[in-house]
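Chain by chain, the residues:
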Amino acid sequence: MLLDLHSHSTFSDGTYTPEELILKAKEKKLELYSITDHDNINAQKEAIFYAEKHKVNYITGLEISCKFKNMFDILGYRIDLDNNALNKTLEKVQTFRKNRNKLMIERLNSLGFNITLEEVAEEAKGDVIGRPHFARVLLKKGYVKDRDEAFDKYLGDGKIGHIPKEKIDPKEAVKLIKDAGGFPVIAHPKSLKLSYTELKKVILELKKHGLWGIEVYYLNHTVSEIKMFREIAVETGLYITAGSDFHGSNKPDIDLGIKVEDELLEKSINILLT
Ligand code: AMP
Ligand code: FE
Ligand code: ZN
């Protein structure tokens with residue numbers, strides 16, 4: 001089947017609007033689609049509207065950045081968009097981000113770069129400003145020759161121009177999604193950089209709080225990683241999902257949609273749809 005349960009719109013760090021994404025999902029004939037912006041659900045009502053209009057099989061989504069030694073993102077599907085606790089926490093997370101962005105501008109200025117928050121906001125178009133937008137301004141102003149150089153030298157984790165955001169605990173993210181009626185899923189498990197045993201332990205702990213699935217199929221997982229994550233899913237009783245992490249021209253190598261033939265995925269999709 002061809003589907004995509006992981007993509008970003010202009011409301012986070014993608015370059016396509018929700019309507020453009022829905023049209024692309026339609027053009028690609030995706031069997032199931034979700035927009036999963038970072039730490040916000042601002043695209044969702046628009047996405048639902050256009051999905052109905054263009055007859056795309058759509059479920060709501062988001063991707064919450066969590067506190068961990070490596071990158072740890074939790075996806076949530078079919079959340080109640082009006083859930084109070086979820087909306088309150090997302091507001092808090094956006095405040096963390098806004099404060100962090102101001103500090104990053106100050107840091108970059110002190111390093112001698114002539115860059116303002118307004119210029120970065122201009123690149124963001126939507127409402128959530130992130131490091132990819134900082135990278136675009138550095139590139140436009142000729143401070144770096146490409147996006148990779150911007151991250152490798154200044155904006156990547158631990159680099160001189162990067163200030164980390166305060167994040168929420170993975171347990172809290174899982175619980176928040178679950179309590180909003182949603183399905184919590186570990187995004188791109190590769191990024192946790194854990195061994196088989198360590199990952200299994202993390203999953204079993206989060207399962208107590210309502211973890212439902214794991215994103216086994218992800219564009220930059222290798223065949224052997226897919227095999228390992230699938231095995232862990234089977235062993236821990238998790239459902240599996242698939243996503244591309246499409247960001248439009250902010251990640252130009254990734255196209256929308258991921259093709260997977262797997263009975264376990266079909267079973268998971270059926271649960272997600274009931
Ligand atoms: P932010 O949420 O503002 O901290 O930005 C996170 C986003 O920046 C990620 O989703 C990636 O798109 C991008 N990013 C972070 N680190 C790198 C890197 N080393 N190389 C390329 N892109 C990166
Ligand atoms: Fe992610
Ligand atoms: Zn993502």
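Parameters at a glance
Residues numbered from 1 in each chain as written. Chains lettered and ligands numbered in written order. Predicted model: local features only at pLDDT ≥ 70, side-chain atom pairs only at ≥ 80, totals over all residues. Heavy atoms only, no water. Helix = DSSP H or I, 4+ residues; strand = E, 2+ residues; numbered from the N terminus. Rg over C-alpha atoms; globule rule 2.2 N^0.38 Å. Buried < 20%, exposed > 50% of the residue type's maximum accessible area, 1.4 Å probe, protein only. Contact = heavy atoms within 4.5 Å. Areas by Shrake-Rupley, 256 points an atom, 1.4 Å probe, with all protein chains shown as cover. Polar contact = N/O pair within 3.5 Å; in protein donor to acceptor, adjacent residues only side chain to side chain. Near = heavy atom within 4 Å. Nonpolar A, V, L, I, M, F, W, Y, C, P; charged D, E, K, R; others polar. Phe/Tyr/Trp six-rings, centres within 6.5 Å; stacked < 30°, edge-to-face > 60°. Donors = N, O, S within 2.8 Å, 3.2 Å for Na, K, Ca; no water. Axes fitted to C-alpha atoms, helices over the stretch in contact; angles between N-to-C directions. Left-handed = near helix turned anticlockwise from the far one by under 90°. Tetrahedral: all angles 85-135°; square planar, octahedral: opposite > 155°, others 65-115°. Pairing = 2+ DSSP bridges.

A. Seen up close, the overall build of the protein. A tally of regular secondary structure across the protein gives 10 helices and seven strands. Against the 2.2 N^0.38 benchmark of 19 Å for 274 residues, the protein shows a C-alpha radius of gyration of 18 Å, consistent with a compact globule. Per-residue burial over the protein gives 55% buried out of 274 residues. Counting only contacts in the protein whose residues sit at least 6 apart along the sequence, the fraction spanning at least 24 positions is 73%. Total accessible area on the protein is roughly 12800 Å²; 52% of this is exposed by carbon and sulfur atoms.

B. Layout of the side chain of serine 12. Note on placement: serine 12 falls in the loop between strand S1 (2-3) and helix H1 (18-27). For serine 12, a relative accessible area of 2% puts it in the buried group. In this structure the side chain of serine 12 is engaged in a polar contact, spanning 3.2 Å, whose partner is the side chain of histidine 8. In this structure serine 12 touches Asp37, His38, Asn40, Val128 and His133, once residues within four positions along its chain are discounted.

C. Up close: the site of ligand 1. The environment of ligand 1 is formed by Asp13, His38, Arg97, Arg100, Gly130, Arg131, Pro132, Arg147, Phe151, Lys165 and Lys251. Taking aspartate 13, its side chain carries an N or O atom lying 3.3 Å from an oxygen atom of ligand 1. Here an oxygen atom of ligand 1 and a backbone polar atom of arginine 131 are 2.8 Å apart. The fraction of the free accessible surface of ligand 1 (500 Å²) that becomes covered by protein chains is 77%. Contributing elements (two or more residues each) for the shell around ligand 1: helix H3 (84-110), helix H5 (131-140) and helix H6 (147-155). For the shell around ligand 1, the per-class residue count stands at two nonpolar, two polar and seven charged.

D. Quick look at the packing of aromatic side chains. Considering all chains together, one arrives at eight aromatic pairs under this definition. Each ring, one from phenylalanine 68 and one from phenylalanine 72, has its centre 5.1 Å from the other, and the planes form 80°; the classification is edge-to-face. Measuring from centroid to centroid gives 4.9 Å for phenylalanine 113 and tyrosine 154, while their planes differ by 75°, and the two rings are edge-to-face. With a gap of 41 residues between them, phenylalanine 113 in the loop between H3 and helix H4 (117-124) and tyrosine 154 in helix H6 connect regions that are remote in the sequence. Take phenylalanine 113: its relative accessible area is 9%, and that puts it in the buried class. Given a relative accessible area of 16%, tyrosine 154 falls into the buried group. Taken together, the ring pairs in this structure connect Phe113, Tyr143 and Tyr154 into an aromatic cluster.

E. Geometry of the coordination of the iron ion (ligand 2). The protein atoms that coordinate the iron ion (ligand 2) are Glu63 (OE), Asp73 (OD) and His188 (NE2), at distances of 2.0 to 2.3 Å. Between the donor residues of the iron ion (ligand 2), the gaps in sequence give the motif E-x9-D-x114-H. Between the iron ion (ligand 2) and the zinc ion (ligand 3) the interatomic distance amounts to 3.2 Å, and glutamate 63 serves as a bridging ligand to the pair. Of this pair, glutamate 63 sits in strand S2 (residues 61-66) while aspartate 73 sits in strand S3 (residues 72-77), and the two are 10 residues apart along the sequence. On the basis of relative accessible area, glutamate 63 is assigned to the buried category, the value being 1%.

F. Seen up close, the packing of H1 against helix H2 (residues 44-54). Direction vectors running N to C along H1 and H2 enclose 35°, while the axes themselves pass 9 Å from each other. Here the hand of the crossing between H1 and H2 comes out right-handed. Contacts from Pro18, Glu19, Ile22, Leu23 and Lys26 in H1 reach Glu46, Ala47, Tyr50, Ala51 and His54 in H2.

G. Structural context of the coordination of the zinc ion (ligand 3). Taken together, His6 (NE2), His8 (NE2), Glu63 (OE) and Asp245 (OD) make up the full set of protein donors to the zinc ion (ligand 3), lying 2.1 to 2.3 Å away. Each of the four donor atoms bound to the zinc ion (ligand 3) contributes to angles spanning 79 to 170°, and the resulting shape is irregular. For the zinc ion (ligand 3), all donor residues lie on one chain, and their spacing in sequence is H-x1-H-x54-E-x181-D.

H. Expanded view of the sheet that holds S3. Pairing is mixed across the open sheet formed by five strands, whose spatial order is S2-S3-S4-S5-S6. Edge positions in the sheet fall to S2 and strand S6 (239-243), since each of these pairs with one other strand and no more. Across the sheet, the mean angle separating the axes of adjacent strands is 35° when strand polarity is ignored. Note: S2 against S3, six bridges, orientation antiparallel. In the strand pairing of S3, isoleucine 64 is matched with isoleucine 74. Sitting on the sheet, helix H8 (residues 196-207) is in contact with S3, strand S4 (183-186) and strand S5 (213-218), with an inclination near 40° to S3.

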